[in-house]
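# Descriptive structure summary
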Amino acid sequence: MDVSQRYRDAWEGYWRETSDAPGEAIWDSDASLSSVPHSALLLPYADASLPVVDLGCGSGTQTRYLATLFARAVGVDLSAAAVEHARRADTEKAATYEQLNLVDADAVEALAARLGDTNVYMRAVIHQSEPQDRAAVAGAVARLVGARGRAFVVELTSASKAVFQRAVEAGTPAKLQRVFDHGLRPAGAADEEVPDLLRAAGLKILDSGDTVLPQTEHLPDGTRIDLPARWFVLARE
C-alpha cells in the first residue's frame, strides 16, 4: 500500500521550499509548547528505557527534545526533504532520522523489527492524511508500540477549522498560505474518527484530554494561532 503521488509530491514540494529557519513551518512550534508538555503526559505511562519514534518528525524540533528523555530517539517522515531538514538541524546528533511511509506496512514492520517495542510520539498526522490512509497510520502506531511501548497521539479537532477561517478572513498569514499553496489539507478528520481509528487498530486509550497545538504564526492583532486538539495516551490491547 502506498500514499498517492499527489500527497507525496505535496509534502516533498512543501519541505523543499521551506528554509532551515526555526519555526518556518507553521506547525514547527518550540518544544516548550509541544513535546515538553506532551511528554509530561506520556511519561507516567511509558518506559523511558525503550526508544521513542517521532512519526511525522518534520524538521525534528520535537525529536531532539524527546532524545533527552528516552534511551534513543528516531524521527521519521514521509518526505525525504523533511528528513534532510531534521538532520541538518540536529547539530549535536541527538537523534537519528529516516524516511518512512507509514502506509507501507512492510516498511513499518522492518522498523519495528529493528527497534523492538518502542514509544511513539505522533503530532497531527492523522488529520492531514488522506482518508484512505488513516487506518494504516493508526495501524503503524500499534505495530511500533508492540507489547511494552506507549504512544502519545495528538490530533486537531473540527473546532480548528473555525480558527483557520478566522485567520483567512483576517488576511491569510504567509506560513498558512504556503500550506494551502501546496495542496495540504489540515483538519481533515472528524472528531470521533480519530479515537475510532485508534481503537480499531488494537490500541487502548489510557488517558485523553483537550489541548491546543500552538502554531508559529499570528493574526494581524498579534494573537498566536492556537489550534484546538485532543490528545491520547495509548497502549496495545
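Everything discussed here concerns the structure shown above.
Attention now goes to helix α1 (residues 5-16). With 12 residues, α1 extends 16 Å between its outermost C-alpha atoms, agreeing within 8% with the 16 Å of an ideal straight helix rising 1.5 Å per residue. Burial in α1 covers these residues: Tyr7, Arg8, Ala10, Trp11, Glu12, Gly13, Tyr14 and Trp15. Buried residues in α1 make contact with α4 (80-89), β3 (96-99) and α8 (174-181).

Let us now look at the sheet that holds β3. Ordered in space as β3-β2-β1-β4-β5-β7-β6, the 7 strands form an open sheet in which the pairing is mixed. Each edge of the open sheet carries a strand with a single partner, namely β3 and β6 (203-218). Across the sheet, the mean angle separating the axes of adjacent strands is 20° when strand polarity is ignored. Where strand β5 (residues 151-156) and strand β7 (residues 224-236) come together, 6 bridges link them in antiparallel fashion. Paired with Leu156 across the strands is Ala229, a residue of β7.

Attention now moves to the packing of aromatic side chains. Considering all chains together, one arrives at 8 aromatic pairs under this definition. Between Tyr7 and Trp11, the aromatic rings sit 6.4 Å apart at their centres with planes inclined by 75°, giving edge-to-face as the arrangement. Residue Tyr7 and its partner Trp11 are located together in helix α1, separated by 4 residues, close to a single helical turn. One exposure class covers both Tyr7 and Trp11, and it is buried. Where Phe152 meets Trp231, the ring centres are 5.9 Å apart and the plane angle is 15°; that geometry is what we call stacked.

Right, let's get into α4. For α4, every residue scored as buried is listed here: Ala81, Ala82, Val83, His85 and Ala86. Those residues of α4 that are buried are in contact with α1, α3 (61-66), β2 (73-77) and β3.

We now examine the pairing of β5. For β5, the buried fraction is high: 6 of the 6 residues fall into the buried class. Two strands pair when backbone bridges link them, and strand β4 (residues 119-123) and β5 are joined in this way by 4 bridges, in the parallel orientation. Each residue of the ladder has a partner; that of Val120, found in β5, is Ala151.

Quick look at the side chain of Thr216 now. One can find Thr216 in strand β6. A relative accessible area of 17% places Thr216 in the buried class. In terms of polar contacts, Thr216 uses its side chain to reach the backbone carbonyl oxygen of Gly23, at 2.8 Å. Separated by 3.1 Å, the side chain of Thr216 and the backbone oxygen of Ala25 make a polar contact. Not counting chain neighbours up to four residues away, the residues in contact with Thr216 comprise Gly23, Ala25, Ile26, Asp28, Ser29 and Lys175.

Criteria and thresholds
Every chain is numbered on its own, with residues counted from 1 as its sequence reads. For a predicted model such as this one, the threshold for reporting local features is a pLDDT of at least 70, and the threshold for listing and counting side-chain atom pairs is 80 or more; totals across whole chains, interfaces and linings nevertheless cover every residue. Side-chain figures throughout are based on the complete set of non-hydrogen atoms in the structure, without hydrogens or water. Helix numbering and strand numbering both begin at the N terminus, where a helix is a DSSP run of H or I of at least 4 residues and a strand a DSSP run of E of at least 2. To estimate how far a helix should extend, the number of its residues minus one is multiplied by 1.5 Å. Three exposure classes are used, based on accessible area relative to the maximum for each residue type with a 1.4 Å probe and protein chains only: buried under 20%, partly exposed in between, and exposed over 50%. Any two residues whose heavy atoms approach within 4.5 Å at even a single point are treated as in contact. Should DSSP find at least two bridges between two strands, the strands are regarded as paired. Think of each axis as a best-fit line through the C-alpha atoms, taken over the contacting stretch in the case of a helix, with angles from 0 to 180 degrees between the N-to-C directions. In this scheme Phe, Tyr and Trp rings, the latter by its six-membered ring, pair at centre separations within 6.5 Å, and the angle between planes marks the pair as stacked below 30 degrees, edge-to-face above 60, and tilted otherwise. Counted as a polar contact is a pair of N or O atoms within 3.5 Å, where, for protein atoms, one must be capable of donating a hydrogen and the other of accepting one, and residues adjacent in sequence contribute only when both atoms are in side chains.

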